[in-house]
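# Architecture at a glance
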Amino acid sequence: MNKYATFACLQPDHLPKHEDIDGAHFIITRVLIPISAGQSVSIQSISTKIAFFYRPGLLITVHRLPQAFMDEVKEKLIERGDFKRVESIVAKMLWHILHSYETPAVRW
């Protein structure tokens, strides 16, 4: 694993990115989290980072907060064996992350 990617996934304020590293993929994305009225707004206060390292047959996620959608994906796809490739699991997780922004985007 690339040392830069490892460092990037541990930086709390790192912005989203994708890299191909020696036949593996590295993605950093951010999922929206609820904020309270009057709360100061920063990238860390409105979202939390999730990093993915994956290649065929292997998926590693790095995240600070538990995410309910990860349990759902684990139960529906992994434990039932309803996927053909690791990319299917990553795509489903990215779908949930993208949709975390839907309600605020529609509301504004």
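Refer to the structure presented above.
A few points on the structure. (Residues numbered from 1 in each chain as written. Predicted model: local features only at pLDDT ≥ 70, side-chain atom pairs only at ≥ 80, totals over all residues. Heavy atoms only, no water.)

Counting buried positions along strand 2 (residues 24-32) yields 7 of 9 residues, so the element is predominantly enclosed. For strand 1 (residues 17-21) and strand 2, the ladder comprises 5 bridges, and the chain directions are antiparallel. Its bridge partner lying in strand 2, Lys17 is registered against Ile28. Linking strand 1 back to strand 2 in an antiparallel pair, the connection comprises 2 residues, with Asp22 at a positive phi of about 50°. (Buried < 20%, exposed > 50% of the residue type's maximum accessible area, 1.4 Å probe, protein only. Helix = DSSP H or I, 4+ residues; strand = E, 2+ residues; numbered from the N terminus. Pairing = 2+ DSSP bridges.)

With that settled, the discussion passes to the side chain of Arg30. Following the sequence through the fold, Arg30 ends up in strand 2. Accessibility expressed as a relative area gives 4% for Arg30, which makes it buried. For Arg30, the side chain forms a polar contact with the side chain of Ser47, separated by 2.7 Å. Excluding residues within four positions of it along the chain, Arg30 makes contact with Pro12, Asp13, His14, Pro16, Ile43, Gln44, Ser47, Thr48, Lys49, Ile97 and Tyr101. (Polar contact = N/O pair within 3.5 Å; in protein donor to acceptor, adjacent residues only side chain to side chain. Contact = heavy atoms within 4.5 Å.)

The subject of this paragraph is the packing of aromatic side chains. A full pass over the atoms with the stated rule returns 1 aromatic pair. Both rings, one in Phe26 and one in Phe53, keep their centres 4.7 Å apart while their planes meet at 25°; by these two values the pair is stacked. Placement of the pair is Phe26 in strand 2 and Phe53 in strand 3 (residues 47-55), with a sequence separation of 27 residues. (Phe/Tyr/Trp six-rings, centres within 6.5 Å; stacked < 30°, edge-to-face > 60°.)

Moving on, we come to helix 4 (residues 86-99). The terminal C-alpha atoms of helix 4, which comprises 14 residues, lie 20 Å apart, in line with the 20 Å expected from a rise of 1.5 Å per residue. When we look at burial in helix 4, the residues that qualify are Val86, Ile89, Val90, Met93, His96 and Ile97. One side of helix 4 carries all its buried residues, which in axial view fall inside an arc of 120°. (Expected span 1.5 Å × (residues − 1). Arc of directions from axis to C-beta.)

The phi dihedral of Asp22 is positive, around 50°, even though this residue is not glycine. With relative accessibility at 80%, the residue Asp22 sits in the exposed group.

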